[in-house]
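# Notes for the structure review
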Amino acid sequence: MLTDSERKSLDGLLDQIIPPNADNSIPGAGQLGTADFVIDKTAKDPEFAAALRKGLRLAGDDAGKFEAALPEIFAALQRYTYMGYYSRSDTRPLFGVSARPIHPSGYDVAAEPEDLMKKLTAPVVARGRCYRET
Amino acid sequence: MNNEPVDVLIIGAGASGAAIAWSLLETRMRILCLEQGPHLHDRNFPSRRDDYELARYGEFSCDPNVRNLKQDYPINVEDSVIAPVNFNAVGGSTINFLGHWPRMRPSDFRAKTLDGVAEDWPVDYAMLEPFYNMNDRNAGVSGLAGNPAYPYYEPPNPPIPIGKLGQTLAKGFNQLGWHWWPSDVAILSRDADSRQKCVNAGTCDLGCAAGAKGGVNFTYWPTLEGAGVELRTECRVREILINQETGFATGVLYHGPDGQVHEQKAEMVIVACNGVGTPRLLLNSKSNLFAEGLANRSGMVGKNLMFHPLTGVSGVFDEPMKGHEGPMACSILSQEFYETDPDRDFVRGYGLHSGRSTTPMTYALGGYGIDSPIPWGAEHREIMDEVYPYLAGLTVVTEDLPEESNRVTLDPDLTDSDGIPAPKVTYRVGENTKRMLRHGEARARELLEAAGAKRILSKNDDKVWWRAGWHQMGTCRMGDDPERSVVNGWGRSHDVKNLFIVDGSIFVTSGAVNPTSTIQALALYIGDSIKNNIANLFD
């Protein structure tokens, strides 16, 4: 568990790792609560938890300072941030990907009409065989 | 556990083990398959979960060193620039393979004769063609007939949609006058054989919960189990046993799910453990007769490991490419640079495969098979908003030539959860391949520009993708010369007359295509040869 102050720093840090877009229609990682995912990782990895706290003490919510001080821990934090942020069902649609589990529905992708495929492949067919006889 | 002797013991329930079991069904021999992994049900595949992408970095990682499950064996990759990847369950690596299904080409079987490199195979395309066709029907392959890069054949199902991404790239290829064709895939484009067609989920590596992908868990195994083939799961073979007087295989020792070591006797043993697992098992099966490992009098077991070293180039287009919609593997494939051209500074060649752009998390973490996250901060925002949705990419898939120094050995310290020595992979990319990769990267860039990309993203270095060791070939190669090969032209060990190998380890060369269709065609061919030689099989 993090203290309130540590949690606040972590939220700020995550907003620097994945910042919001200009009009805030895509929230940053801190705003979206990605810290919960990171904290869950610390619960399973005491070494990472201790190092994260150390980084927060040294750098506060300054991501550049954190990376310079503890590059390996920052790399792990960056990875967890990406995982936590993009695995959310409310994040995926912001990038054109379905919110729901992808099965069983998947996506509707229309098969190309036969005449389109014929037209597209016609130049390839016209060039003729392109393998070596043995 | 009933360990009564069987006629045929197959080790491994993946692509090749399933195919040869199917081929041997009609013999009515008693067939047993031992598989170190469990049976997985499609309802448990991760793509039915809300956080499905996370599985790619955990229990469904393609890397056994990441999954680290009980059924996985670790692989020492300290001396390799490519990490082998796999999956251990009923279905083997067809559980998480992408179903890309190009055949090898006629010249692939004659590299020595045509180009003076590697060795010729003891079989050729014409011999395998009927088995390619048979296997395509069993797997439910989709594709477009008439590809001028091959002798004529007809895939059993129409092609999967190539989508906006494929159409865009196809126009670029046409502009340059280069070969391309919709890819053959072992993915159903229409409902068939009680299986559902592809729903374009883009998560083929997470098991295909639709059952559209031609993993052998969906294709061969339901038939095999229905026909009485015994499949024993969570059974890891420790060693193959040999009668020290006759030199014949008598069966195996295996670790069962009860934690005990069992002996299983068999008249014939068929190894189907892939290009890393098979040499590992043979090297672990030492005896007075085979002090250097079973079936290894040639000294070739474990040597000549081939992968397909990969690199990728992406283009950023004006419109969204919807790269996450549709099968991951490939939408179109160019073999313009597949054959040797004396004007180039390398022999043999490569394919250009159109890759899709995956889902946001996987892209942010560096892409499928790559551990190199995109930058954080403002640059991250710009990439995810302005680049990711507009991407179309090409993967350069090179032919790897066999080199004895690229090899699988046993690690002196590392073991699996049953204490069996783990494999160590020693692998570097050869100079010929490096030249190919550079050539391919330049051509991919040229193509993307022709297709209308406004910006090109490429690494511009000699590094290949790290987790690209899907295709593990060559480590028990076939051949007519017992001094230079491990098995003969129909998969039988030169040294042990009732021992067969049917997986990618028997490949002589790698071609520049995904190998599973050829692995299975070979397994069916070997099964047919066993049936044809049944009267004097062990002579």
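Residues numbered from 1 in each chain as written. Chains lettered and ligands numbered in written order. Predicted model: local features only at pLDDT ≥ 70, side-chain atom pairs only at ≥ 80, totals over all residues.

### Quick look at the overall build of chain B
Helices and strands together make up the secondary structure of chain B, namely 11 helices and 16 strands. By the compact-globule yardstick of 24 Å for 539 residues, chain B fits well, its C-alpha radius of gyration being 22 Å. Summarising its shape, the C-alpha atoms of chain B cover approximately 70 × 50 × 45 Å along the three principal directions. Counting all 539 residues of chain B, 61% fall into the buried class. In chain B, the proportion of contacts linking residues at least 24 apart, taken out of those at least 6 apart, comes to 74%. (Helix = DSSP H or I, 4+ residues; strand = E, 2+ residues; numbered from the N terminus. Rg over C-alpha atoms; globule rule 2.2 N^0.38 Å. Buried ≥ 20, exposed ≤ 12 C-beta atoms within 10 Å, placed from the backbone. Contact = placed C-beta atoms within 7 Å.)

### Some words on the sheet that holds strand E14 (residues 421–427) of chain B
All names here are of chain B. Taken together, the three strands give an open sheet; going across it, the order is E3-E14-E13, and neighbouring strands pair in mixed fashion. Each end of this open sheet is capped by a strand with a single partner; those strands are strand E3 (76–80) and strand E13 (407–415). Strand-to-strand twist across the sheet, computed as the mean angle between neighbouring axes with direction ignored, equals 30°. Note that E13 and E14 share five bridges and pair antiparallel. Looking across to E14, one finds that Arg407 is bridged to Thr426. Those strands touched by helix H7 (residues 274–283) are E13 and E14, and its axis lies near 65° from that of E13. (Pairing = 2+ DSSP bridges. Axes fitted to C-alpha atoms, helices over the stretch in contact; angles between N-to-C directions.)

### A few points about the sheet that holds strand E9 (residues 310–316) of chain B
Residue and element names in this part refer to chain B. Taken together, six strands build an open sheet; the order of strands is E4-E10-E11-E12-E9-E15 and the sheet is antiparallel. Two strands lie at the open edges of the sheet, namely strand E4 (181–182) and strand E15 (455–458), each paired on one side alone. Pairing of E9 with E15 involves four bridges; the strand directions are antiparallel. The residue bridging Ser314 from the neighbouring strand is Leu457, located in E15. Packing against the sheet, helix H5 (residues 163–176) makes contact with strand E10 (332–334), strand E11 (350–355) and strand E12 (391–398), and its axis sits at approximately 25° to E10. In the packing of helix H10 (residues 431–450) onto the sheet, the strands contacted are E9, E11, E12 and E15, and the crossing angle to E12 comes to about 155°.

### Observations regarding the interface of chain A and chain B
With 42 residues of chain A in contact, the opposing surface of chain B contributes 56 residues. Only helix H1 (4–17), helix H5 (71–86) and helix H6 (114–127) of chain A provide two or more residues apiece to the side of chain A that touches chain B. Here the side of chain A that touches chain B is composed, by residue class, of 23 nonpolar, 12 polar and seven charged. (Nonpolar A, V, L, I, M, F, W, Y, C, P; charged D, E, K, R; others polar.)

### Comments concerning the environment of B:Ile456
All names here are of chain B. Its place among the elements puts Ile456 in strand E15. When the C-alpha positions of Ile456 and Gly315 are compared, they lie 4.6 Å apart, and in sequence the two are 141 residues distant. Excluding residues that lie within four positions of it along the chain, Ile456 makes contacts with Val313, Gly315, Arg445, Leu448 and Glu449.

### A word on the confidence of the model for chain B
Confidence along chain B averages 95 in pLDDT terms, with 99% of residues attaining 70 or more. ipTM for the predicted complex: 0.94, alongside a pTM of 0.96. (pLDDT = per-residue confidence, 0-100.)

### Overview of H5(A)
Across its 16 residues, H5(A) extends 22 Å between first and last C-alpha, which sits within 8% of the 22 Å expected from 1.5 Å per residue. Within the sequence span of H5(A), burial applies to A:Phe74, A:Leu77, A:Gln78, A:Tyr80, A:Thr81, A:Tyr82, A:Met83, A:Gly84, A:Tyr85 and A:Tyr86. Taken together, the buried residues of H5(A) touch H1, helix H2 (35–44), helix H3 (46–59) and helix H4 (63–69) of chain A together with helix H8 (360–364) of chain B. (Expected span 1.5 Å × (residues − 1).)

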